[in-house]
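Overview (structure and organization)
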Amino acid sequence: MKAFEYASPTTKEQAVSLLGNQWGETEILAGGTDLLSLMKEYLSTPKRVVNVKEIKEFQGIRYSPGAGLRLGALVTLEELMDHAAVKKEYPALAQAAEGVRSQQIRNSGTVGGDLCQRPRCWYFRNGFGYFPKGEGGEDLVINGENQYHAILGNSGPAYFVNPSSLAPALIALNAKIRLFGAQGWREVEAEQFFVTPKSEGEREYVLKPREILGEILVPPAKGIKSATYEVRQKEALDWPLAAASVALKINGTGVKEARLVLGHVAPVPWRCQEAETVLAGKSGEESIAEAAQVALKGAKPLSKNGYKVQLARVALKRAILQAAQGGA
Amino acid sequence: MGFHTWGGRGHDSECRLTINPDGSVVVALGSQDLGTGTRTILAMVAGETFVLPVDAIKINIGQAPDYPPSGASGGSTTVGGVSSATRRAAQDALDQLFAKVAPALGAEAAQLEAVGGKVQVKGNPTKSLTWKQATAKLGVTAVNTTGKNPGAGKLIDSGVGGVQMADVTVDIETGIVKMNKFVAVQDCGLVINEKTAESQVFGAMIMGVCYSLMEERIMDEYLGRPLNSNMEFYKLAGIGDIGEFVVHMWKDPEQDGRGVIGLGEPPVISPAAAIGNAVANAIGARVPRVPFTPDRVLAALEKKGGLTS
């Protein structure tokens, strides 16, 4: 690990003033479950690490039936998973946190950190960047080990998948993410938070170098049934091969409105709007299978990840069934 | 179901054993304990020969050339080598001790026996010495013996066999294989310590589940380097992934009579066969390569004619 300066501000204003103008100059430390591994591997070599854990404003869960849910960015995955209102009103979110199958990571990993963690692409983690290239300019992902890479939104040059466990659930639940910077707060739809980088200097989200993800607002979930289903090979800590979070407004026996989001299939969490229309206004299992087909219609698997198309369909189908049968 | 056989004949081994006049017993061998329990079984073999508790035996291993040579630990050959060499050295040392002590008990050496921390005339507790009184008769000269693995015969043998049965669930929509129950039956001749023997089999079964379902080194062909050389990407089973394990060590007088045979590797041979056969039974198609990952299981299903047929 490269030596660095450590700062531990107690207010959000101080914290912002300690951040650099360029990505990589400084890094924000919360749970540290990703940042510390990146630093140990020299994938991140900041001059200064800004610990935000002492900023009280970024802590805590608040819920009221009228206002909905407010999650401080420092809420741990374990707190989220164990929160009674989250479990009851937003099961998609609690189930997504539960999918992180390491007690240690859930205890220290935070909601903000889950959203801002860097790609888990093994080329990226081995130091080859977003767009790994061979000496002759060959695309290493396209020609190499792409079994866990993107099947959607993969026209290049990025082929990694967004690793966030919570993002699909937050997007399905129509959450807003609040970012704090020198000009104060700004708010983005969870869906708009993630972007596909086009150059190595960019990041995978709209957060700017001198901004901090401070809190997340989730609207009331009255009348909404939600669920998350992850296809994971292992029960122990393992990245999902595909995941889906869904939020359904159910009217009698039919789905009135649906928000369907896939995880681990594209460089960003993947909203399936056409499939949402297929599902809305229908009932019965046939419409679920049809929605799953439609959701993956545009999939363009790489040389070794064709199986993920099937897994994504299954994740979506099972998440819909799980939401319809249980949910809030 | 899967079967395996293995040799496991003890390697060449020499044990130097000392009984000191103060009653202490030292076993020295240029062997090593890989975590498989070598120290434990050496203390048990010497302790049983002298009828002393295991903590009365000091075990010195690992310092060649100070200690006499034993083979490398490979091929499941250690236990047979070191246990027979130690048994031989301990038996010879006991005979020498009896010879020194016999006059004091007014008996012939051949009439003596070691019984629970004592040396006595066979069947006659009234004519006995404590272990310390007995070893004090050595005066200033310790008993030093060297024992060698005598080769296949009464103390050791080779050839073990095992049967393993796997019960799995295959999710035919995702290709994910889950272990429900895994049963292993194993023979290995005379079992010196049942707990460490069972542990060898449990360990092999865990490794077997890992390599059957998950473990794989992913090399990038262009870079020529591994991509998953860390605990995040290299998949190993957790407790929730291994299911229920049952181990039956096959123990009976016939097995005991064969002597000691190595056990480290044999039970790790057949897990993939057992699990692979169970998967094939479940889905009606062979998955031709380990590990049986979702992509390979789905490919086997598709080759067979799809999910529905």
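Since the structure is predicted, the reported quantities are computational estimates derived from the model, not experimental observations.

**Focus: the overall build of chain B**
- Looking only at helices and strands, one finds 8 helices and 13 strands in chain B.
- Over its C-alpha trace chain B gives a radius of gyration of 25 Å, far above what one expects of a compact globule, namely 19 Å for 309 residues.
- Its C-alpha atoms give chain B principal-axis dimensions of roughly 85 × 45 × 30 Å.
- Considering only intrachain contacts with a sequence separation of at least 6, the fraction spanning at least 24 residues in chain B is 71%.
- A total of about 14,100 Å² of accessible surface is found on chain B, and carbon and sulfur atoms cover 54% of it.
- The distance from the centre of the 27 positive side-chain charges to the centre of the 31 negative ones in chain B is 6 Å.

**Focus on the nonpolar core**
- L260(A) and I275(B) are the most contacted members of the largest nonpolar core, which has 71 residues in total.
- Take this core: its biggest share by element is 9 residues, from helix α14 (residues 307-325) of chain A.
- Those residues in contact with I275(B), other than ones at most four positions away along the chain, are A166(B), V168(B), M179(B), F182(B), G208(B), V209(B), S212(B), L213(B) and F292(B).

**What to know about the state of the cysteines**
Residues and elements named next belong to chain A.
- Applying the stated criterion across every chain, the model contains 0 disulfides over all chains.
- Note on C116: no disulfide assigned, nearest cysteine sulfur contributed by C121 at a separation of 19 Å.
- Residue C116 is classed as buried on the basis of its relative accessible area of 19%.

**Quick notes on the pairing of strand β8 (residues 143-148) of chain B**
Residue and element names in this part refer to chain B.
- Residues V143, T145 and G147 of β8 are buried on one face, while the alternating residues N144, T146 and K148, pointing to the opposite face, are not.
- In terms of strand pairing, strand β2 (residues 14-19) meets β8 through 6 bridges, oriented antiparallel. What sits directly across from E14, in β8, is K148.

**Structural notes on the packing of aromatic side chains**
Residue and element names in this part refer to chain A.
- A full pass over the atoms with the stated rule returns 13 aromatic pairs over all chains.
- Each residue in the set W23, F193, F194 and Y205 is aromatic and connected to the rest through ring pairs, giving one cluster.
- Sitting over the ring of F180, K12 keeps its end group 4.9 Å from the ring centre.
- Lying across the ring of W185, R178 places its NZ or CZ 4.5 Å from the centre.

**Some details on the domain arrangement of chain B**
Residue and element names in this part refer to chain B.
- Each domain of chain B was delimited in the assignment, giving domain 1 (9-149) and domain 2 (160-303).
- The gap between the C-alpha centroids of domain 1 and domain 2 is 39 Å.
- Facing the 11 residues of domain 1 at the interface are 11 residues of domain 2.
- Taken together, the two surfaces of domain 1 and domain 2 that pack against each other cover about 810 Å², and 61% of this comes from carbon and sulfur.
- Applying the counting rule to domain 1 against domain 2 returns 3 residue pairs in polar contact (both at pLDDT 80 or more).
- Going through the elements one at a time, α1 (38-50) and α2 (78-105) are the ones with two or more residues in the side of domain 1 that touches domain 2.
- If one sorts the elements of the side of domain 1 that touches domain 2 by residue count, α1 sits on top with 4 residues.

**Let's talk about α1(B)**
Residue and element names in this part refer to chain B.
- With 13 residues, α1 should cover 18 Å at 1.5 Å per step; its first-to-last C-alpha distance of 19 Å lies within 8% of that length.
- Every buried residue belonging to α1 is among T38, I41, L42, A43, V45, A46, G47, T49 and F50, and all of these are buried.
- At the C-terminal side of α1, V51 shows a positive phi close to 50 degrees.

**Remarks on a nonpolar patch on the surface**
- Judged by side-chain polarity, M1(A), F4(A), Y6(A) and L36(A) come together as a nonpolar surface patch covering roughly 370 Å² of accessible area.
- Of the residues examined, M1(A) reaches a relative accessible area of 42% and is grouped as partly exposed.

**A look at the interface of chain B and chain A**
- Facing the 28 residues of chain B at the interface are 30 residues of chain A.
- Each partner contributes to the roughly 2,600 Å² buried at the junction of chain B and chain A, and carbon and sulfur atoms together form 55% of this total.
- Among the residues chain B hides against chain A, the three largest losses belong to E173(B), Y222(B) and K235(B). Together they make up 23% of the total.
- Scanning the region where chain B abuts chain A turns up 18 residue pairs in polar contact (both at pLDDT 80 or more).
- Breaking the side of chain B that touches chain A down by element, the ones donating at least two residues are β11 (219-220), β12 (225-226), α5 (239-242) and α8 (294-304) of chain B.
- Sort the elements by how many residues they give to the side of chain B that touches chain A and α8(B) lands first, with 3 residues.
- The class makeup of the residues in the side of chain B that touches chain A is 14 nonpolar, 5 polar and 9 charged.

Thresholds, definitions, all that
The residue count restarts for each chain, going from 1 along the sequence in the order it is written. The order in which chains are written sets their letters, starting at A; the order in which ligands are written sets their numbers, starting at 1. Only residues with pLDDT of at least 70 get local features here, since the model is predicted, and only at 80 or more are side-chain atom pairs given and counted; chain-wide, interface and lining totals rely on the full set of residues. To obtain the side-chain values, all non-hydrogen atoms of the structure were used and water was disregarded. Numbering of helices and strands runs from the N terminus; a helix is a DSSP stretch of H or I covering at least four residues, while a strand is a stretch of E covering at least two. We take the radius of gyration over the C-alpha atoms and set the globule estimate at 2.2 Å times the residue count to the 0.38 power. We call two residues in contact whenever any of their non-hydrogen atoms come within 4.5 Å of each other. The Shrake-Rupley method, run with a 1.4 Å probe sphere, supplies the accessible areas, and residue values consider only the shown protein chains as cover. As used throughout, the charge tally considers Lys and Arg to be positive and Asp and Glu to be negative, leaving His and the chain termini uncounted. Charge coordinates come from a single atom per side chain, which is NZ of Lys, CZ of Arg, CG of Asp or CD of Glu. For this analysis, a nonpolar core means a set of buried residues of the types Ala, Val, Leu, Ile, Met, Phe, Trp, Tyr and Cys, connected via side-chain atoms within 4.5 Å. Throughout, exposure labels follow a simple rule: accessible area from a 1.4 Å probe, protein chains only, divided by the maximum for the residue type, with under 20% read as buried, over 50% as exposed, and the rest as partly exposed. By convention in this document, the label disulfide applies to cysteine sulfur atom pairs within 2.5 Å. Should DSSP find at least two bridges between two strands, the strands are regarded as paired. The aromatic pairing rule takes the rings of Phe, Tyr and Trp, using the six-membered ring of Trp, and pairs them if the centres are within 6.5 Å, calling planes under 30 degrees apart stacked, those over 60 edge-to-face and the rest tilted. A ring is scored as having a charge over it whenever the NZ atom of a lysine or the CZ atom of an arginine sits within 6 Å of its centre and within 35 degrees of its normal. Per the annotation, domain bounds derive from an automatic or database assignment of domains. When two components associate, each loses some accessible surface as probed by a 1.4 Å sphere; the sum of these losses over both components is called the buried area. Between N or O atoms, a polar contact is any pair within 3.5 Å; within protein, one atom must be a potential hydrogen donor and the other a potential acceptor, and residues adjacent in sequence are included only when both atoms are from side chains. One fewer than the residue count of a helix, multiplied by 1.5 Å, yields its expected span. Without a salt bridge and with relative accessible area above 30%, a residue can belong to a patch; like charges are then joined within 9 Å and nonpolar side chains (Val, Leu, Ile, Met, Phe, Trp, Tyr) within 5 Å. The term salt bridge refers to a side-chain nitrogen of Lys or Arg lying within 4 Å of a carboxyl oxygen of Asp or Glu. Each residue is assigned to one of three groups, with Ala, Val, Leu, Ile, Met, Phe, Trp, Tyr, Cys and Pro labelled nonpolar, Asp, Glu, Lys and Arg labelled charged, and all others, Gly among them, labelled polar.

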